[in-house]
Amino acid sequence: MDDLDPQLLRTLRAVADAGSITGAAASLGYSQPAVSQLLQRAEQRLGHALVLRGARGVSLTEAGQVLADHALHVQAALTAAREDLDAVGGLTRGRVRIAGFPSASSTLVPAVLAWLADRVPGVTTTYVEVEPPEALAMLRRGEADVALTFTYVGDEVGAVPDPGLLTRTIGRDPLALVTPVAAGAGAGAESAVRSGGSDRGGPVGSRAAVAGSGTVDLASQRGARWIGGCPRCRGHLLASCASAGFTPDIVLETDNAAAVVGLVAAGLGVALLPRLALATTVIPAGVSVDPVDEDLARRVEVVVARGAERVPSVRATLEAVRAAAALLA
């Protein structure tokens with residue numbers, strides 16, 4: 001239809017994300033009057049109200065939301081058309097912008113970028129490290145093409161799926177309990193602790209194994225001081241400890257895995273860390289890393305705008321991500 005254009009769809013998407021015309025204008029690089037006029041002209045042209053203005057900001061009407069949901073699809077289709085046209089012309093080029101979480105930066109991301117550089121050297125890649133919520137927001141704003149994210153069991157409860165995004169699980173990232181070895185414990189004592197031979201229930205440095213599982217029970221650390229991470233990880237820690245029958249005493253917080261290990265080594269607390277975060281972190285003497293229940297593992301996911309998988313550079317990146325996922329095996 002001549003009545004519709006990509007600019008209108010992008011604008012409606014920006015209004016939906018920002019909750020205001022001023023915020024949408026800022027994210028798009030337009031003036032506020034220009035956005036207001038664009039929407040007014042579109043409403044007259046289409047014969048539908050697209051936005052509702054209220055005391056708490058602006059929201060989309062049902063018609064406006066329908067169009068906004070198509071914004072990412074249309075942008076992906078236009079990008080795919082551009083790259084397909086370049087390929088027909090004999091050009092091997094493209095661009096892909098990747099956003100990923102911190103512990104992927106030193107593990108999955110190098111593998112993905114190396115795969116792309118080796119197999120599709122004409123594709124320009126950029127990478128930014130952000131937590132999953134911001135990575136998804138960047139996808140919605142059209143500021144990223146591929147997002148590496150993670151979720152925990154239970155995150156989907158009450159969540160409303162975004163129809164504009166396509167999410168694929170690429171693997172599981174188990175968690176481990178990181179604790180200081182009890183002062184004066186030798187190799188024999190450490191071996192006993194790892195096998196569940198210690199009967200101490202709370203102090204830092206004591207861990208009780210779950211019978212027959214080879215994993216450590218979080219309840220063994222109910223009396224310990226805890227080190228928390230990002231907001232999502234902190235929420236998962238609280239939920240996991242609640243399931244184990246206690247509330248953790250979180251006294252320190254940092255997203256830096258090396259810093260967490262350093263704090264544990266100094267005897268300042270215990271922590272739950274994912275395997276990806278531990279993969280490139282030096283574990284000093286005096287720090288023990290023990291697996292916990294597999295049900296606490298997080299899902300590692302790759303997310304793109306629905307329809308973006310048709311874009312050659314994005315399709316290649318998804319293939320690179322699948323190859324890098326072997327690191328999670």
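Look up a bit, the structure's there.
These notes cover the structure that comes with them. All of these numbers come straight from a predicted model, not from anything done at the bench. Every residue gets a number counted from 1 within its own chain, in the order that chain's sequence is written. For a predicted model such as this one, the threshold for reporting local features is a pLDDT of at least 70, and the threshold for listing and counting side-chain atom pairs is 80 or more; totals across whole chains, interfaces and linings nevertheless cover every residue. Only hydrogens and water are set aside when side-chain values are computed; all heavy atoms of the structure are taken into account.

Okay, the overall build of the protein next. A helix here means a DSSP run of H or I that spans at least four residues, while a strand means a run of E at least two residues long, and both kinds are numbered starting from the N terminus. When its secondary structure is counted, the protein shows 13 helices and 14 strands. Type-normalised accessible area, obtained with a 1.4 Å probe on protein chains alone, sets the label of each residue: buried when under 20%, exposed when over 50%, and partly exposed for intermediate values. The buried share among the 329 residues of the protein stands at 44%. When checking whether two residues touch, look at their non-hydrogen atoms; a contact exists if any pair is within 4.5 Å. Here the contacts in the protein between residues at least 6 apart in sequence split such that 70% fall between residues at least 24 apart. In these tables, accessible area is a Shrake-Rupley quantity obtained with a 1.4 Å probe, and a residue counts as shielded only by the protein chains included in the view. A total accessible area of about 15600 Å² is found for the protein, and carbon and sulfur atoms account for 55% of it.

For the rest of this paragraph, the subject is the nonpolar core. Take the buried residues of types Ala, Val, Leu, Ile, Met, Phe, Trp, Tyr and Cys, join any two whose side-chain atoms come within 4.5 Å, and each joined set is a nonpolar core. The biggest cluster of nonpolar side chains holds 59 residues, and the ones touching the most others in it are Leu108, Leu116, Ile170, Leu218 and Trp226. The contact partners of Ile170, leaving out residues within four places of it in the chain, are Leu108, Val300, Glu301, Val302, Val321, Ala325 and Leu328. By size, the runner-up hydrophobic cluster in this structure holds 21 residues, among which are Leu12, Ile21, Ala42 and Ala68.

A separate point is the pattern of salt bridges. Throughout this description, the term salt bridge denotes a Lys or Arg side-chain nitrogen within 4 Å of a carboxyl oxygen of Asp or Glu. Under the defined criterion, the tally for this structure stands at 11 salt bridges. Residues Asp162 and Arg140 are paired through a salt bridge, measuring 2.5 Å at the closest nitrogen-oxygen approach. Of the two residues, Asp162 sits in the loop between strand S5 (146-152) and strand S6 (165-173) while Arg140 sits in helix H8 (residues 132-140), which places them 22 residues apart along the sequence. Taking relative accessible area as the criterion, Arg140 reaches 24% and is therefore assigned partly exposed.

Note that Ala219 resides in the loop between strand S9 (216-217) and strand S10 (225-228). Looking at Ala219, the relative accessible area reads 15%, which means it is buried. A C-alpha to C-alpha distance of 6.9 Å links Ala219 and Gly245, two positions 26 residues apart in sequence.

Either a parallel or an antiparallel arrangement is found when strands of a sheet pair, and the pairing is made through backbone hydrogen bonds. Read from one edge of the open sheet, 5 strands run S4-S3-S5-S14-S6, paired in mixed fashion. Whereas interior strands pair on both sides, the edge strands pair on one side only; in this sheet they are strand S4 (123-129) and S6. Geometrically, the sheet is characterised by an average inter-axis angle of 25° between neighbouring strands, direction not taken into account. Should DSSP find at least two bridges between two strands, the strands are regarded as paired. As judged from the 8 bridges shared by S6 and strand S14 (residues 298-305), these two strands associate in the antiparallel manner. Residue pairing in the sheet places Arg168 in a bridge with Val302 of S14. Axis geometry follows a simple rule: fit a line to the C-alpha atoms, using only the stretch in contact for helices, then measure angles between N-to-C directions, giving values from 0 to 180 degrees. Helix-sheet contacts for helix H7 (residues 108-119) involve strand S3 (94-100), S4, S5, S6 and S14, and the interaxial angle to S3 is about 170°.

With antiparallel pairing, 3 strands are arranged side by side in an open sheet as S12-S7-S13. What marks the edges here is a single partner per strand, and that holds for strand S12 (271-274) and strand S13 (287-291). On average, each strand axis in the sheet is tilted by 35° relative to the strand beside it, whichever way the strands run. Pairing between strand S7 (residues 175-180) and S13: 5 bridges, direction antiparallel. Across the sheet, residue Val178 finds its bridge partner in S13, namely Val289.

In this fold, Asp145 is placed in the loop between H8 and S5. Relative accessible area serves as the criterion here: at 17%, Asp145 is assigned to the buried category. In this structure the side chain of Asp145 is engaged in a polar contact, spanning 2.7 Å, whose partner is the backbone nitrogen of Arg97. Once residues lying within four places of it in the same chain are set aside, the contact partners of Asp145 are Arg95, Val96, Arg97, Leu139, Val303, Val304 and Val314. By the criterion applied in these results, polar contacts are pairs of N or O atoms within 3.5 Å in which, for protein atoms, one can donate a hydrogen and the other can accept it, and in which residues neighboring in sequence qualify only through two side-chain atoms.

Time to look at helix H10 (residues 231-243). If you check H10, its first and last C-alpha atoms are 18 Å apart, about what 13 residues at 1.5 Å a residue would give, namely 18 Å. Turning to H10, its buried residues are His236, Leu237, Ser240 and Cys241. End-on view of H10: buried residues confined to an arc of 130°, all on one side of the axis. Opposite the buried face of H10, by more than 90 degrees, sit the exposed residues Pro231, Ala242 and Ser243. For H10, the elements touching its buried residues are S5, S7, S10, strand S11 (249-253) and S12. At the C-terminal side of H10, Gly245 shows a positive phi close to 95°. Multiplying 1.5 Å by the helix residue count minus one yields the expected span of that helix. Note that the arc is computed from the directions linking the helix axis to the C-beta atoms.

It is worth spelling out H8 at this point. Within the span of H8, buried status applies to Pro132, Ala135, Leu136, Ala137, Met138 and Leu139. Once H8 ends, the next one or two residues include Gly142, with phi positive near 75°.

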